[in-house]
Amino acid sequence: MSSGHLKFSVVVPLYRTEKYLGELLESFDSQQPGDYDTEFIFVDDGSDDSSGEIARTWLDRSGVSGTVIRQDNAGVSSARNRGMAEVTGEWITFPDSDDLLSANYFKEAARAVAEAGTDVALLTANVWRYDEATGNRQDVHPLRHKFQAKHQFVDLQDRPTFIQTQAASGFFRLDVIREHDLSFIEGLRVAEDAVFASTYLLRAPSTLLVPLNKSIYYYRRRKDATSAADSYRTNDDFYFGRFSRGYLPLLELAEQLGGVPRWLENIVLYDLGWYFPREMNRDRKAIHLTTEQKAQAIALLQDVLGHIDPASIVNYRLTGMSPEIRALMLTLGGHPLPEVGTVRISKNVKGSFELCYLFQGERPHEVIESDGRPVTPLAAKTRKLDYFGQDLLHERIIRLPELADVGITLDGKRRLFQYGNYYLGSSEATAARQRQRQRPKAPGKRTPLWKQVAVRAGAEAVCWTKAPVPLPVAVSRGVALRRKRYRTFIRDVSKAPRIKHKYDGAWLIMDRVASGHDNGEYLYEYLRTERPDINAWFVVKKGTPEWDRLRERGFRLIGYRSLEHQLALQRAAVVASSQLDVEAIVPVPLDFYPQKKRPWRFVYLQHGVLQHNLAHWFNGKDIDLLTTASVDEHESIVADEGSYRLTSDSVVLTGFPRHDVVLEAAAKHPYDERRMVLIAPTWRNDLFLPKPSFAARRALRAPFLETDYGRNWMGLLEHPALRRLAEEGAQIVYLPHPNFRGSTPGVTYPDHVTVIESTPDIHELMSQARVTVTDYSSIFFDAALADSRIVYFQFDREAFLSGSHTYLPGYWDYEEHGFGPIATELEDAVRLTTEGYSVPTQDWPQLYRDRIARTLPLADGKSAARITALIEAKFQD
């Protein structure tokens, strides 16, 4: 770092980042020399680790100009302000202490300042993601377009998409900051960077910025998910302060200075583009907020969006944004919806003709006609768009008979249809030449003919032989070519007479990719034995123990994702599965089918009785028919003003084929002869670290026995009362959730407990259980049908039922609907377990039997037959 006239001041707040700080300091050490000086101000914000001492040692060792300031903990904004008061440079930047900088970071910034002149207000570094779990560094930031065209400098008034939302990756002029007495909003813990940068640009003499293409700022994504961005549940500013103390005063300032510029609107919309989708994410939805807090959040959003031009909302293209969220923002901003693009044909396949529209306030008067004659819907509902409980925008979903020339009139106005998704249109367009100027091709000569030939030859070699070729472009083209030809091959072979004869109109049934023992297997067993006239096949991964087991039972098997499976999918009429994962609902990519339209209908048989709100999961899936077993679960899905898109035409109360098997197995084990106490809790999401990679198992955050979960369940297993039951003849069986299997090394179970570490025949287990102890697992529905007494041990019910796990609260209430007593303390769980095992039948509350009978009215052994008849009626000619 050589001496020069330009000086950068680097302010680094420190708080509990000792394990990351060393990497940032190493990146400081590696900075390439140039015509600049640097000073480093570290502000120890009351950290209780050695971060401050590490920084002080580095300053002493490196000899660079700088200091370490110690203050009581007051937050990152206070620390930045404290450091900002001490600096002496011309430009200031604020890297976070857990991030990294490229070696040319300051050199490129100095060069940009020298070339751009004195009018430039902001330098913006190129942000890359550093994934700590994998070590990968990727250029995937949503604002990376700023660096693709290699602009020397940009005026935000002309390019309002070149927004700056981070202080950490920006360089700001100190003279502007001090002239206008600018500072970070202390105590604000969300959007403080965007508010500071935007306030700065509103006050700066220009809105010129320089994108620093080669200065890379590596933003760390921590593998333990402890960064500030992951603390929304405990940070009120996430829902309130970011608006009341941040964006609202900022927008009001802009209005005072002449109006809200387009670039500032884009900053707000960019933030809201991440904010709203969280409400559709089960792990991030604001279920911890009270009704009053949600109303407050909506009121703040209305205030903020009232400052945003509706044209800016409709034309926002900086990042992806769903039409539903655009419509919601228009609604909250007090603007009407466009008449075009808000009525759509959402589904038009055999057995499913569906029309939807968005509306604000009260539902409009709707008239549906076919060829001029009124049409009565098969089913209709109004869906609640559940964003913080708002009731200003709704979706109407209408299932219609399969008729011709259908039209709809709303409040007397004939409406135009949008096919597929909603589309609110655009009131702005960019000429092709301008787009090319914004994203110019890299300079260079035309690719020589010899290289074109080499690439084509290499692609053919990769396509046919998968041979390694030293031309990356040839490899990518070869892979694409192989996929295209294979896709064509599948389509062509599926038309062969043998394949058509074998699979035309077939029903392909499956459970998980490598296992059965669920509703899919038991539906197929019914078809195999009772309805051999139906061309049914069972799909499971070949080479697995399940393949061998089912083949021995005489199942007609197809290997999952095998060539035969891909061919069968081209001819099948129905795919039915107990799973809703992508492996079941999209077994091959849609482009394998002609016109990207699958020829079969998907029947979701469900894995268990629904207790929780899974609308966020169901609504994104193409489900043609959903089978249910419980009256309450059925009503929760089809109810008007619910959050599910499915209607009563596609959700039917049938019972489960699995329940047919449970009842049959239970009949073989009279209750008075049973001796088993089955202990089968579910898992806890917050006990596990995020996956380090897609296929990896998740590891526990802490040793099993140091968690409340481990202490409570092991306390039950080890309790002397259960040992006494075992000595008196009871069989104590512990069935850990699969996520815990292999994750509890060093745990020694009592010798009176049988631990099942493999996947059992769960129905046989339940049919032998005299009492089943669980917490929130849906296993209790099956166990209750098997005539096992149910005990709920819910030591963490407040946290679990308020969203700490992967569930969103639904209709189910354990006090109102539960099939057994509830314990929240270990001793109560022990007492209820021993009572459940020991008390005579007449002394066990009749209330629970009544609830079971009311909840599961079709537990009669005929569920598979009902589902079969339903599929035939809906999807077969």
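Residues numbered from 1 in each chain as written. Predicted model: local features only at pLDDT ≥ 70, side-chain atom pairs only at ≥ 80, totals over all residues. Heavy atoms only, no water.

Next up on the list: the nonpolar core. Soluble, globular proteins show a tendency: their nonpolar side chains are buried together. If you look at the biggest cluster of nonpolar residues, it comprises 84 residues, and the most contacted ones within it are Phe-172, Tyr-247, Tyr-275, Phe-276 and Phe-388. At 8 residues, helix H8 (residues 262-275) tops the list of elements feeding residues into this core. Setting aside residues no more than four positions away along its own chain, Phe-172 makes contact with Glu-90, Trp-91, Ile-92, Phe-94, Ala-121, Leu-122, Gln-166, Ala-167, Ile-177, Phe-196, Ala-197 and Tyr-200. Ranked by size, the runner-up nonpolar core spans 35 residues in total, among them Ala-506, Tyr-560, Tyr-593 and Ala-615. (Core = buried A, V, L, I, M, F, W, Y, C linked by side-chain atoms within 4.5 Å. Buried < 20%, exposed > 50% of the residue type's maximum accessible area, 1.4 Å probe, protein only. Helix = DSSP H or I, 4+ residues; strand = E, 2+ residues; numbered from the N terminus. Contact = heavy atoms within 4.5 Å.)

On the surface, a cluster of nonpolar side chains totalling about 250 Å² of accessible area is made up of Tyr-486, Phe-489 and Leu-563. Take Phe-489: it is sitting in helix H14 (residues 472-493). (Patch = residues over 30% accessible without salt bridge, like charges linked within 9 Å, V, L, I, M, F, W, Y side chains within 5 Å. Areas by Shrake-Rupley, 256 points an atom, 1.4 Å probe, with all protein chains shown as cover. Salt bridge = Lys/Arg side-chain N within 4 Å of Asp/Glu carboxyl O.)

What follows deals with the pattern of salt bridges. Overall, the coordinates contain 59 salt bridges when judged by the stated rule. Here Arg-601 makes a salt bridge to Asp-624, at a shortest N to O gap of 3.4 Å. Residue Arg-601 is found in strand S24 (residues 601-604), and its partner Asp-624 is found in the loop between helix H20 (615-618) and strand S25 (625-628); the two are separated by 23 residues along the sequence. Considered together, Arg-601 and Asp-624 belong to a single accessibility category, that of buried residues. Connected via shared salt-bridge partners are Glu-324, Arg-344, Glu-354, Arg-383, Glu-395, Arg-399, Arg-645, Asp-649 and Lys-874.

Below, the discussion takes up unusual backbone geometry. Positive phi, close to 55°, is recorded for Arg-16, a residue that is not glycine. In this fold, Arg-16 is placed in the loop between strand S1 (7-14) and helix H1 (18-29). Assessed through its relative accessible area of 46%, Arg-16 is described here as partly exposed.

Pairing between the strands of a sheet comes from backbone hydrogen bonds, and it takes one of two forms, parallel or antiparallel. With parallel pairing, 6 strands are arranged side by side in an open sheet as S29-S28-S27-S30-S31-S32. Since the sheet does not close on itself, it has two edges, and those belong to strand S29 (753-755) and strand S32 (822-823), each with one partner. As paired strands, strand S30 (residues 769-774) and strand S31 (residues 789-793) are joined by 4 bridges and run parallel to one another. Bridging across to S31, Val-771 finds its partner in Arg-789. Packing against the sheet, helix H29 (residues 826-838) makes contact with strand S27 (676-679), S30, S31 and S32, and its axis sits at approximately 175° to S31. (Pairing = 2+ DSSP bridges. Axes fitted to C-alpha atoms, helices over the stretch in contact; angles between N-to-C directions.)

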